[in-house]
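This is what each chain is made of:
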Amino acid sequence: TAVRAELQRGVTGMTGKAPALSDTVQQGALWLASSASTPALPVKTEGLGNEGYAIRSVMKDGKAVTLIAANSDIGLLHGAFHWLRLAQSGERLDRLDISSAPKIGLRLLNHWDNLDGTVERGYAGSSIWDWWRLPDWKGPRYTDYARANASIGINGTVLNNVNAKSDSLTAPYIAKAAALADIFRPYGIKVYLSVKWTAPMELDGLKTADPLDPQVAAWWKAKADAIYQEIPDFGGFLVKANSEGQPGPQDYKRTHAAGANMLAAAVKPHGGIVM
């Protein structure tokens, strides 16, 4: 799993020696345990949610070990990164008693990356996403991106610019987003897409993008269904509407609430959100 890989990489890089990760308990071993598979843990995981963790110095089978416990693999991953930070910064590792759970559920990066590789308001060159070569070529930087962000608790990323192109919702680009989602999933990071309000008109020739038009609502529902078919844990949509010249529901004398509710109805059956 990603948890074990990060601990192996981190400890080996710092010490030159691979760590003892307990299945067989050794003195000083790291004991990874999920409440789902090991209910009788010497720490409480209630209240940690799906992403929190506990780290404690305990005795197991008469040997001193470090327990990293959580309710899920993603919680264990966040706990492992916390332990690695402590180790690399020279903290004591023999008297640990830590519990941590996020207070904010959505911790996202919002890329203003364009499909042509440029970045609006970017400061470090071209986009990290190589849309031209995705989904077939999956560069190692994508995994490094997921590792780096998971290490500080990021759990979502909006792949494209809020000044969106409708092309991002076509089948080829959904497949590209799905390839990234597959890389990010082991690190607990969901992908989101920025959408253009007039995508139904631009992609499929609808006469309107009025959120109260049944055909428009049906278009967005079908589009959401198609995305979730490829990305089962897709996070949802970000939409910039009626701002800085972008189209939106106010073009049709509708409120932002009407527009948001229409999009929300499309993603709600799948557990997605609208921003």
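Before any of the text, the structure's been laid out above.
Residues numbered from 1 in each chain as written. Predicted model: local features only at pLDDT ≥ 70, side-chain atom pairs only at ≥ 80, totals over all residues. Heavy atoms only, no water.

J.: Where do I start with the overall build of the chain in this structure?
T.: Tallying secondary structure elements over the chain gives seven helices and nine strands in all. Reported as C-alpha extents along the three principal axes, the dimensions of the chain are approximately 75 × 40 × 30 Å. For the chain, buried positions account for 49% of its 275 residues. A separation of at least 24 residues holds for 68% of the contacts in the chain among residues at least 6 apart in sequence. Of the roughly 13,800 Å² that the chain leaves accessible, carbon and sulfur atoms contribute 53%. Here the chain holds 29 positive side-chain charges and 26 negative ones, and the gap between their average locations is 5 Å. (Helix = DSSP H or I, 4+ residues; strand = E, 2+ residues; numbered from the N terminus. Buried < 20%, exposed > 50% of the residue type's maximum accessible area, 1.4 Å probe, protein only. Contact = heavy atoms within 4.5 Å. Areas by Shrake-Rupley, 256 points an atom, 1.4 Å probe, with all protein chains shown as cover. Lys, Arg positive; Asp, Glu negative; His and termini not counted. Charge placed at Lys NZ, Arg CZ, Asp CG, Glu CD.)

J.: Got a minute to help me understand the sheet that holds strand β7 (residues 190-195) in this structure?
T.: Whether parallel or antiparallel, the strands of a sheet pair through hydrogen bonds between backbone atoms. Pairing is parallel in the open sheet, where five strands are placed in the order β5-β6-β7-β8-β9. Sheet topology places β5 (108-110) and β9 (273-274) at the edges, where each strand pairs with a single neighbour. Where β7 and strand β8 (residues 236-239) come together, four bridges link them in parallel fashion. Bridge pairing in β8 links S194 to L238. (Pairing = 2+ DSSP bridges.)

J.: Any chance you could explain the environment of I98 here in plain terms?
T.: If you trace the backbone, I98 turns up in strand β4 (residues 97-100). The class for I98 is buried, based on a relative accessible area of 19%. Sequence separation between I98 and A2 is 96 residues, and the spatial gap between their C-alpha atoms is 21 Å.

J.: How do you make sense of the side chain of N161 when you look at a structure like this?
T.: Along the chain, the position of N161 falls in the loop between β6 (156-158) and α4 (171-184). Polar contacts involving the side chain of N161 include one to the main-chain amide nitrogen of N163, which spans 3.0 Å. Non-local contacts of N161, meaning those with residues more than four positions away in its chain, are made with H111, W112, D113, N114, E120 and S194. (Polar contact = N/O pair within 3.5 Å; in protein donor to acceptor, adjacent residues only side chain to side chain.)

J.: Any chance you could explain unusual backbone geometry here in plain terms?
T.: Note: most peptide bonds trans; most residues except glycine with negative phi. For the bond from L134 to P135, the omega torsion is 5°, close enough to zero to count as cis. Counting through the fold element by element, P135 comes out in the loop between β5 and α3 (140-151). The backbone of E244 shows a phi angle near 50°, a positive value even though the residue is not glycine. Within the fold, E244 resides in the loop between β8 and α7 (256-267). In this structure, K253 takes a positive phi of about 60° despite not being glycine. Topologically, K253 is positioned in the loop between β8 and α7.

J.: Please explain the environment of S89 as it appears in this structure.
T.: Of note, S89 is situated in the loop between α2 (73-88) and β4. Taking relative accessible area as the criterion, S89 reaches 48% and is therefore assigned partly exposed. Of the polar contacts made by the side chain of S89, one reaches the backbone oxygen of L86; its length is 3.3 Å.

J.: Before we go on, may I ask you to explain helix α6 (residues 214-230) in this structure?
T.: Every α-helical turn comprises 3.6 residues, leaving residues that sit three or four positions apart pointing alike. The end-to-end C-alpha distance of α6, which contains 17 residues, comes to 25 Å, matching closely the 24 Å that a straight helix rising 1.5 Å per residue would cover. Of the residues making up α6, those classed as buried are V216, W219, W220, K223, A224, I227 and Y228. Taken down its axis, α6 places every buried residue within 165° of arc, on the same side. Residues of α6 that are exposed and point over 90 degrees away from its buried face: P214, Q215 and Q229. Structurally, α6 contributes buried residues whose contacts are with α4, β7, α5 (199-204), β8 and α7. The N-cap residue of α6 is D213: its side-chain oxygen and the backbone nitrogen of Q215 are 2.8 Å apart. (Expected span 1.5 Å × (residues − 1). Arc of directions from axis to C-beta.)

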